Amino acid sequence: MAEAAVDAAREYAVKTLDVKKEYVMGKQTLMALKGVSIEIKTGEYISIMGPSGSGKSTLFNMIGGLDKPSGGKVYIDEVDISGLDAFELAWLRCRKIGYIFQTFNLIPVMTALENCTLPMVFAGMSSQDAMDKAADLLALVGLGDRIRHKPLELSGGQQQRVACARALANDPAIILADEPTGNLDLKTGKEIIALLRRLNKEKGVTIISATHDLKMLDVSDRIIWIRDGRVDKIERRSDLDLEVGSLEGEEA
Amino acid sequence: MPVDAKTQAGIRRQIKLPNREAVKIALRSVRIRIWRSCITMAGIVLAIAFLTSVLTSGVVAKSIQQTAGGATAEGGDASIQIWLTAISLLVCVVGITNAMLMSVTERYREIGTMKCLGALDWFVVKLFLIEAGVLGLVGSLVGALLGFVAGLLAGMSQYDHVLSSLNWGSALLRLVLAVLIGAGLTVVGAVYPARRAGRMPPADAMRTEI
Ligand SMILES: Nc1ncnc2c1ncn2[C@@H]1O[C@H](COP(=O)(O)OP(=O)(O)OP(=O)(O)O)[C@@H](O)[C@H]1O
Ligand SMILES: [Mg+2]
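Computed from a predicted structure; not experimentally measured. Starting from 1, residues in each chain are numbered consecutively following that chain's sequence as written. Lettering of chains starts at A and numbering of ligands starts at 1, both following the order in which they are written. Owing to the predicted nature of the model, reporting of local features is limited to residues with pLDDT of at least 70; listing and counting of side-chain atom pairs is limited to 80 or more, with chain, interface and lining totals taken over all residues. The basis for every side-chain value is the complete set of non-hydrogen atoms in the structure, without hydrogens or water.

So, on to the pattern of salt bridges. In the sections that follow, a salt bridge refers to a side-chain nitrogen of Lys or Arg positioned within 4 Å of a carboxyl oxygen of Asp or Glu. In the structure shown here, the tally under the stated rule is 17 salt bridges over all chains. B:Arg28 is the salt-bridge partner of A:Glu114, the closest N and O atoms lying 2.8 Å from each other. Here the residue A:Glu114 occupies a position in helix H4 (residues 112–122), and B:Arg28 occupies one in helix H1 (residues 19–32), the pair thus bridging two chains. Relative accessibility thresholds used throughout: buried, under 20% of the residue-type maximum; exposed, over 50%; partly exposed, between the two (1.4 Å probe, protein chains only). Judged by its relative accessible area of 21%, A:Glu114 falls in the partly exposed class. For B:Arg28, a relative accessible area of 13% corresponds to the buried category. Salt-bridge contacts for A:Asp171 lead to A:Lys133; the nearest nitrogen and oxygen are separated by 3.0 Å. On the criterion of sequence distance, the pair formed by A:Asp171 in the loop between helix H6 (156–167) and strand S7 (174–178) and A:Lys133 in helix H5 (residues 127–140) is long-range, its members being 38 residues apart. Each helix is a run of H or I in the DSSP string that is no shorter than four residues. Each strand is a run of E no shorter than two, and both are numbered from the N terminus.

Residues and elements named next belong to chain A. For Na, K and Ca the donor cut-off is 3.2 Å, while for other metals it is 2.8 Å, and in both cases only N, O and S atoms qualify; water is not among them, so sites may look incomplete. Listed as protein donors to the magnesium ion (ligand 2) are Ser57 (OG) and Gln102 (OE1); their distances from the metal cover 1.9 to 2.2 Å. With Ser57 in helix H2 (residues 56–63) and Gln102 in the loop between strand S6 (97–100) and H4, this residue pair connects regions lying 45 residues apart in the sequence. The exposure class of Ser57 is partly exposed, given its relative accessible area of 27%. A relative accessible area of 40% means that Gln102 is categorised as partly exposed.

Residues and elements named next belong to chain B. With respect to the element layout, Leu163 can be found in helix H6 (residues 162–165). In sequence terms Leu163 and Gly43 are 120 residues apart; their C-alpha atoms lie 29 Å from each other. Setting aside residues up to four positions removed in sequence, Leu163 forms contacts with Leu152, Met156 and Trp168. For this analysis, residues touch if any pair of their heavy atoms sits within 4.5 Å.

The next thing to look at is the environment of A:Ser57. All names here are of chain A. Ser57 sits 43 residues away from Val14 along the chain, and the two C-alpha atoms are 16 Å apart. In this view, Ser57 contacts Gln102 and Asp178; residues no more than four positions away in its chain are not counted. The definition of a polar contact used here is a pair of N or O atoms within 3.5 Å, where within protein one atom must be able to donate a hydrogen and the other to accept one, and adjacent residues in sequence count solely through side-chain atom pairs. In terms of polar contacts, Ser57 uses its side chain to reach the side chain of Gln102, at 3.0 Å.

Let's shift gears to the interface of chain B and chain A. The interface of chain B with chain A comprises 32 residues on the first partner and 30 residues on the second. Linking chain B to chain A there are one salt bridge. If you look at where chain B meets chain A, you find six residue pairs in polar contact (both at pLDDT 80 or more). Sorting the residues of the side of chain B that touches chain A by element identifies strand S2 (14–15), H1, helix H4 (108–116) and helix H8 (202–207) of chain B as the ones contributing at least two each. Ranked by the residues each element gives to the side of chain B that touches chain A, the list is headed by H4(B), at six residues.

As a further point, take the site of ligand 1. Residue and element names in this part refer to chain A. In the vicinity of ligand 1 lie 14 residues, with Ser52, Gly53, Lys56, Ser57 and Thr58 positioned nearest. Gly55 places a polar main-chain atom, nitrogen or oxygen, 3.0 Å from an oxygen atom of ligand 1. Within the side chain of Lys56, a nitrogen or oxygen atom sits 2.7 Å from an oxygen atom of ligand 1. Counting residues per element, the ones that place at least two in the shell around ligand 1 are strand S1 (12–25), strand S2 (28–41) and H2. For the shell around ligand 1, the element with the most residues is H2, which contributes three residues. Looking at the shell around ligand 1, its residues break down into five nonpolar, seven polar and two charged. For this description, a residue counts as near a given molecule or strand if any of its non-hydrogen atoms is within 4 Å of it. Polar here means any residue outside two lists: the nonpolar Ala, Val, Leu, Ile, Met, Phe, Trp, Tyr, Cys and Pro, and the charged Asp, Glu, Lys and Arg; Gly therefore counts as polar.

Residues and elements named next belong to chain A. The mixed open sheet is built from six strands, whose spatial order is S6-S7-S8-S3-S9-S10. Both edges of this open sheet fall to S6 and strand S10 (230–236), since each of them pairs with a single strand only. Averaged over all pairs of adjacent strands, the angle between strand axes in this sheet comes to 15°, irrespective of strand direction. Of the strand pairs in this sheet, strand S3 (residues 45–49) and strand S9 (residues 222–227) are connected by four bridges, and their pairing is parallel. Paired with Ile48 across the bridge in S9 is Ile224. Sheet contacts for helix H7 (residues 186–203): S3, S7 and strand S8 (206–210); angle to S3, the most-contacted strand, approximately 135°. Strand pairing is defined by DSSP finding a minimum of two bridges between the two strands. To get an axis, a line is fitted to the C-alpha atoms, and for a helix only the part in contact is used. The angle between two axes follows their N-to-C directions and goes from 0 to 180 degrees.

In this section: the packing of aromatic side chains. Two aromatic rings, drawn from Phe, Tyr or Trp (for Trp, its six-membered ring), form a pair once their centres lie within 6.5 Å of each other, and the interplanar angle then sorts them: stacked below 30 degrees, edge-to-face above 60, tilted otherwise. Per the counting criterion, the structure on display carries four aromatic pairs over all chains. Aromatic pair A:Phe122 and B:Phe123: ring centres 5.3 Å apart, planes at 45°, arrangement tilted. Of this pair, A:Phe122 sits in helix H4 while B:Phe123 sits in helix H5 (residues 121–158), on two different chains. Taken individually, A:Phe122 and B:Phe123 each receive the classification buried, so the pair is uniform in this respect.

If you want it as structure tokens, here you go:
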């Protein structure tokens, strides 16, 4: 295939260079990331796998510009984000990256619709347009009949879908999804994966997703394994196909 | 008012929070947390009521003395008045700052989330200032009225003809002053925690639990 040539032509959407993160708790310090270097090309669909506590969410925070690394560099579209000012960083978070958080992080006093509208309001969209688009997005994730509910009136899976819809609000170029299917039943999980896959294929959105979901691995271009704050191995899906059987055995 | 950053690749980079949206969000968060808002406001009401009642009884005493013709204000009384006013101001500052600190810190998570979605630091500050302004104004108005009535009642229990001899102009002036102090302090009390929350990296803000 000419895949290699195409790959070479694409620029990196995300690149990290020896990223370290240290959490200081009193006298103890904990190295959550011990030097992670990864390169993700524009339009790739990446799954990040690793045991609980291995540093996946921490890495997402670094890539998304939500926290500062203790060492190393993060590049988004070849730009070192530590050099961005507050405004550019806010722009990046608002327009460029869509986050789906492991803990959803919906604003509890706002309805599903208002939650989805917020990023668009920040992006300068008129209130009416934003509401229309938010309603469409919620319908897309199958919550068309729940748009006036507050997060606490929704189930975990429904909250997760609101978080998905919100992440799509400003048509981001990169979606960072931390266990986007963790709380979903098989069917809804498949729908969300299909949705992400469609965005990836049709609009060239770069998807980076932490997951334990084998269905998710199946659609990803590469899988990055993180263990104990380090990159353990990186596999193409074609290499992985042979191993899914053994993987299932391991997880069971 | 849009803020423009460096344009890159011809894209006009805009991040904004229009005033109308800000007021809408702030009012909604007051309304939805109405109990919490009432408790915050209760702190403001009490502080301002105390201040106003002290100020009002000062005016009452002065008015009575003036109509009685005796300009012989007793020195001891005057210094007690000043002392009481100073203490009431202090109570006011502490009460209001505390109320605002609490209402901001318990919402770090929400603030962090907003920042993840692209809110600039000053969006957060703006939202909280509007919210604080509303709470402060309503709380101070209620407090000033309560304090005024309390001051008058206290005066009536001490003197006759309080209402007829009262210097209304001077009493109203103090009422307005108390409302301004209350609203002002509330906003000032919210600035510090809101700015601190606004400056936190969003990941930290989202994790902070109190
Ligand atoms: N703010 C923090 N303060 C202190 N330690 C932290 C903080 N955030 C994460 N850690 C620690 O860093 C390590 C990595 O955490 P992280 O949340 O990135 O794991 P994870 O791979 O996302 O796990 P999971 O699959 O359970 O979500 C853990 O040991 C965790 O205890
Ligand atoms: Mg995690």
